[in-house]
Amino acid sequence: MKKRILAVLMICIMTIGLMVFPGIGLFKAGAAQTFERVEFINGVVIADRLNLRSGPSTEHEIIGKFTKNKWLNVLAKIGDWYVVFDPDSGKVGCVSAAYFKTAPEVNQGKTSTPAPSKPSTPASPSPAATPVPSTDKQEGDLSPDEKKLLDLINAERAKSNLSPLIADPELMKVARIKANDMTKNNYFSHYSPTYGSPFDMMRQFGITFKAAAENIAGNSTIEGAVSSWMKSEGHRSNIMNSNYNYTGIGISKSNKYGYVFVQMFIRK
């Protein structure tokens with residue numbers, strides 16, 4: 001009886017898949033696929049370029065392309081391919097597991113993190129130019145350092161006529177907690193052993209979003225952190241993404257880097 005119930009459930013799941021993703025090649029009739037359940041919801045691209053295909057093989061059509069360090073939502077696994085959802089474009093497709101690491105693997109150190117692993121050389125100001133962030137302010141208020149970082153980011157966006165990012169009080173709180181979590185627990189990764197992926201963490205704190213991203217950096221100055229982000233294609237694309245309209249910023253003093261910087265982006 002239990003086997004019959006399970007079979008019915010699997011048929012229902014596949015029917016829902018056809019309803020939600022009717023145009024995607026991996027659901028075409030005649031292509032027998034085994035969908036494996038996954039115990040995680042996020043992963044990161046580790047290749048410089050990765051194709052999003054309409055099905056789990058190179059024979060399927062390319063429906064999108066991702067750059068290194070792009071985070072995606074993982075829906076299922078099919079052999080050596082993952083079924084993923086891109087919150088930025090709204091596309092669902094397949095990516096090769098050879099060029100994509102899941103959140104647990106990222107957490108275990110099996111791949112590099114999107115932000116630089118070593119502090120960048122300061123542009124010109126000395127480390128003393130960046131004071132320790134205040135801890136006695138209200139969550140909605142920006143410290144001078146946080147405001148300076150936001151101003152630099154919005155100045156970069158203004159060069160391309162993009163609307164400025166607005167500091168969201170609740171997202172500011174999450175970014176500050178993430179920055180402090182990294183320095184307190186001595187790790188440097190988008191995946192927190194305390195809160196999980198940036199998306200998991202935002203949801204835990206009640207942040208709702210249509211799309212989201214996170215930049216992290218270790219640097220001795222605010223200018224150096226922004227400069228390193230702008231020189232990195234993945235980080236720069238987050239900063240210059242016109243879809244994002246709200247941001248949260250966290251800065252925490254680090255014995256290793258000088259400071260750890262976290263900037264979260266969302267589209268409401």
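The model shown is predicted, which means the values in this text are computed figures rather than measured ones. (Residues numbered from 1 in each chain as written. Predicted model: local features only at pLDDT ≥ 70, side-chain atom pairs only at ≥ 80, totals over all residues. Heavy atoms only, no water.)

A. Representation of the pattern of salt bridges in the model. The full count for this structure, using the stated rule, is eight salt bridges. A salt bridge links lysine 147 to aspartate 151, with the shortest nitrogen-to-oxygen separation between them at 2.9 Å. Here the residue lysine 147 and the residue aspartate 151 both occupy positions in helix H3 (residues 144-158), the gap between them amounting to four residues, near one helical turn. With a relative accessible area of 39%, aspartate 151 lands in the partly exposed category. One salt bridge in this structure joins glutamate 214 and lysine 178, with 3.0 Å as the shortest N-O distance. A residue pair is termed long-range when its members are at least 10 positions apart, and glutamate 214 in strand S9 (residues 211-219) and lysine 178 in helix H4 (residues 169-184) qualify at 36 residues. (Salt bridge = Lys/Arg side-chain N within 4 Å of Asp/Glu carboxyl O. Helix = DSSP H or I, 4+ residues; strand = E, 2+ residues; numbered from the N terminus. Buried < 20%, exposed > 50% of the residue type's maximum accessible area, 1.4 Å probe, protein only.)

B. Just the environment of leucine 150, in detail. Mapped onto the elements of the fold, leucine 150 is located in helix H3. On the basis of relative accessible area, leucine 150 is assigned to the buried category, the value being 8%. The spatial distance from the C-alpha of leucine 150 to the C-alpha of alanine 167 is 8.1 Å, given a sequence separation of 17 residues. Sequence-distant contacts of leucine 150, that is, excluding residues within four places in its chain, are made with Leu142, Leu165, Ala167, Thr247 and Ile249. (Contact = heavy atoms within 4.5 Å.)

C. Summary view of the packing of H3 against helix H6 (residues 222-230). Their axes nearest at 10 Å, the elements H3 and H6 cross at an angle of 30 degrees. Note on packing geometry: the crossing formed by H3 with H6 is right-handed. Contacts from Asp145, Lys148, Leu149, Leu152, Ile153 and Glu156 in H3 reach Ile222, Glu223, Val226, Trp229 and Met230 in H6. Residue classes in the contact of H3 with H6 are distributed as seven nonpolar, no polar and four charged. (Axes fitted to C-alpha atoms, helices over the stretch in contact; angles between N-to-C directions. Left-handed = near helix turned anticlockwise from the far one by under 90°. Nonpolar A, V, L, I, M, F, W, Y, C, P; charged D, E, K, R; others polar.)

D. View of the pairing of strand S6 (residues 92-96). Of all five residues in S6, five are buried, a share of seventy percent or more. Of the pairings in the sheet, the one linking strand S5 (residues 81-85) to S6 comprises five bridges and is antiparallel in character. Among the inter-strand pairings, valine 84 is bridged to a residue of S6, identified as glycine 93. (Pairing = 2+ DSSP bridges.)

E. Structural context of the sheet that holds strand S10 (residues 246-254). Sheet architecture is open: four strands sit in the order S8-S10-S11-S9, paired in mixed fashion. The strands lining the two open edges of the sheet, one partner per strand, are strand S8 (166-167) and S9. Running at roughly 130 degrees to S10, H3 makes contact with S8, S10 and strand S11 (258-267) of the sheet. Taken strand by strand, H6 contacts S9 and S11, and its axis lies near 125 degrees from that of S9.

F. Region of the structure containing the nonpolar core. Judged by nonpolar contacts, the single largest core of 22 residues is most densely connected at Leu149, Ile153, Trp229, Ile239 and Phe261. Elements represented by at least two residues in this core include exactly H3, S9, H6, S10 and S11. By residue number, the principal contributor to this core is H6, which donates five residues. Judged by nonpolar contacts, the second largest core, of 21 residues, contains Trp71, Met202, Ile207 and Val260. (Core = buried A, V, L, I, M, F, W, Y, C linked by side-chain atoms within 4.5 Å.)

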